[in-house]
2 protein chains.
Amino acid sequence: MTLYFITGNKNKFNEVKHFLGEVEQLEIDLPEIQSINPKEIVEAKLKEALKHKDGSFIIEDTSLYLSCLKGLPGPLIKWFLATIGRKGLFEIADKFSIYDAEAKTIIGYARNQNEISFFEGVIKGTIVEPKHDSDFGWDPIFQPEGYSKTFAEMTKEEKTKISMRGQALKKLKEFLIKRDLR
Amino acid sequence: MTLYFITGNKNKFNEVKHFLGEVEQLEIDLPEIQSINPKEIVEAKLKEALKHKDGSFIIEDTSLYLSCLKGLPGPLIKWFLATIGRKGLFEIADKFSIYDAEAKTIIGYARNQNEISFFEGVIKGTIVEPKHDSDFGWDPIFQPEGYSKTFAEMTKEEKTKISMRGQALKKLKEFLIKRDLR
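Structure report, in brief. Worth saying up front: this structure is predicted, and the values here are computed from it rather than measured. (Residues numbered from 1 in each chain as written. Chains lettered and ligands numbered in written order. Predicted model: local features only at pLDDT ≥ 70, side-chain atom pairs only at ≥ 80, totals over all residues. Heavy atoms only, no water.)

## Topic: the pattern of salt bridges
Pairing of side chains with opposite charge becomes possible as their charged atoms draw close.
Residue and element names in this part refer to chain A.
Logical step 1: Tallying each qualifying case throughout the model produces 22 salt bridges over all chains.
Logical step 2: The closest approach of N and O atoms between Glu60 and Lys12, which form a salt bridge, is 2.5 Å. Pair noted here: Glu60 is in strand S3 (residues 56-66) and Lys12 is in helix H1 (residues 10-20), with a separation of 48 residues, a long-range link. As far as burial versus exposure is concerned, Glu60 and Lys12 are alike and both buried.
Logical step 3: Here Arg165 and Glu15 are joined by a salt bridge, their closest N and O atoms 3.2 Å apart. Taken together, the residues Arg165 in helix H6 (residues 164-178) and Glu15 in helix H1 connect sequence positions 150 residues apart. The burial state of Arg165 is the same as that of Glu15; both residues are buried. (Salt bridge = Lys/Arg side-chain N within 4 Å of Asp/Glu carboxyl O. Helix = DSSP H or I, 4+ residues; strand = E, 2+ residues; numbered from the N terminus. Buried < 20%, exposed > 50% of the residue type's maximum accessible area, 1.4 Å probe, protein only.)

This is the structure:
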C-alpha cells in the first residue's frame, strides 16, 4: 500500500522523503478546521483524506508556541506570519522580555478511520531578531537551546539532526518498521 | 420560508431576534474553516447549512481587530480569549502603547448556493483594562470611540443602538424588506 505524505510544501516533503525513503507527495486541498490543538487539526484532515483515496497517509503540523503568548500562535502561526510577520512575533517577545518558545511537530499516520497514530517532536528555544532568510516561515527567528544560530542559519543536515520534525519522523519510522508496514 | 439564525450563542440570538422579529435559532455544529477573512468563514458555513436543510439562513461573525497586531486577532479572537484572555489582549496593546481597535460584524444571508449576501457593521474604539464582566467575550476591554465606558458597562439597549452587530442587522433588515423576503 502506498504511503502518501499530504502536503503542498515541497521543502517539507523532501525532508520527509529523506527520512522515510518510500513515500509519495500528495497535493490535495483538505479543509483545515479552526483549533489550537494540532492533533485535532491533523486528525480531521486524515479522516477527510481516507474518504478520498486508498492508501496510508501522513500529515504533519509544525507549530511555534511562545511563552509570552501562553502558547499562541501554535497552529495559528501562518496567520501571525501573514499579518505581523516574523518581525512582529519578535517584537511581541521583546516587548514582554520573555523570549522562550517551543517548536513542536505532530505527525499523524492513518491506514483506516479507526487507527490513527501520532508522533511528536519538541525542541525548546528562544525567539530572536530575524536572522537569515528561509523557505520555512519562522526559522529566522527561532534559535534552538544550546545553539548560537537560528534554524535559518543552519545547513539542512544540521537542522534535520536536531529538529522537532526529525524527532517525530524517527518515531514514525520505528513504528512503521516494527509493524512491518514498510 | 423560515429564516434561521445559526448560532449556539443565546445572547447573540436574542439580539438578532429583537431586531428581525421572525427568526428561529438553529443550533447545528458547522465546521469552521481556518481563515482571517470572516467572509470566507461565513460563506463556507452557509454552504454547509444549505446542504442540510431547507430554508434561508443567516450566520454572523463578530471579530476584534487590533492595530498593534496589524489586524489580528480578527476571527481568531476566540483562541486569543482561550489562551491569553482579555487581560492578555490589553497587555499587548499596552506594551506597544497602541490602543486603537475595530470591532466588525459580518452577517451572511443565503437562500441558495448562488446567492449569498453580506452585511457589514464596523465601530472604532480603544482597548482598555478589563472593566465589568460580560457574557460577550471581549466587551470588557472594548471602549467605543466617543464613549467613556466599555461595551460591558453599557445596557443592552445602549450597546445595540451603536454596535457593529446592530449596524449590520439594520442593513440586513432593509434588504429583506426591499426584496419582500419577510
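The rest of the description comes next.
## Looking at the packing of aromatic side chains
Centre-to-centre distance and the angle between the planes together describe a pair of aromatic rings.
Logical step 1: Taken as a whole and assessed by the stated rule, the structure comprises 15 aromatic pairs over all chains.
Logical step 2: Directly above the ring of B:Tyr65 sits B:Lys104, whose terminal nitrogen or CZ lies 5.0 Å from the centroid. (Phe/Tyr/Trp six-rings, centres within 6.5 Å; stacked < 30°, edge-to-face > 60°. Lys NZ or Arg CZ within 6 Å of the ring centre and 35° of its normal.)

## Here's the deal with unusual backbone geometry
Logical step 1: Cis peptide bonds are those with omega within 30 degrees of zero, and the linkage from A:Leu72 to A:Pro73 qualifies with -5°.
Logical step 2: Tracing the chain through its elements places A:Pro73 in strand S4 (residues 73-74).
Logical step 3: For A:Ser97, which is not glycine, the phi dihedral falls at a positive 55°.
Logical step 4: Note that A:Ser97 resides in the loop between helix H4 (85-96) and strand S5 (100-112).
Logical step 5: Even without a glycine there, the phi angle at B:Lys70 is positive, about 50°.
Logical step 6: As for its placement among the helices and strands, B:Lys70 is situated in the loop between strand S3 (56-66) and strand S4 (73-74).

## Re the interface of chain A and chain B
Logical step 1: At the interface, 20 residues of chain A touch 20 residues of chain B.
Logical step 2: For the pair chain A and chain B, the two sides together bury roughly 2100 Å², of which 72% comes from carbon and sulfur.
Logical step 3: Connecting chain A to chain B are zero salt bridges.
Logical step 4: Counting the contacts that link chain A with chain B gives two residue pairs in polar contact (both at pLDDT 80 or more).
Logical step 5: For the side of chain A that touches chain B, the residue count by class is 12 nonpolar, three polar and five charged. (Contact = heavy atoms within 4.5 Å. Buried area = accessible area lost by both parts, 1.4 Å probe. Polar contact = N/O pair within 3.5 Å; in protein donor to acceptor, adjacent residues only side chain to side chain. Nonpolar A, V, L, I, M, F, W, Y, C, P; charged D, E, K, R; others polar.)

## Topic: H4(A)
Logical step 1: The terminal C-alpha atoms of H4(A), which comprises 12 residues, lie 17 Å apart, in line with the 16 Å expected from a rise of 1.5 Å per residue.
Logical step 2: A:Gly85, A:Gly88, A:Leu89, A:Phe90, A:Ile92, A:Ala93 and A:Phe96 are the residues of H4(A) that are buried.
Logical step 3: If you follow the buried residues of H4(A), they end up packed against S3, S4, helix H3 (77-83) and strand S6 (115-127) of chain A together with helix H4 (85-96) of chain B.
Logical step 4: Phi turns positive one or two residues past the end of H4(A), at A:Ser97, with a value near 55°. (Expected span 1.5 Å × (residues − 1).)

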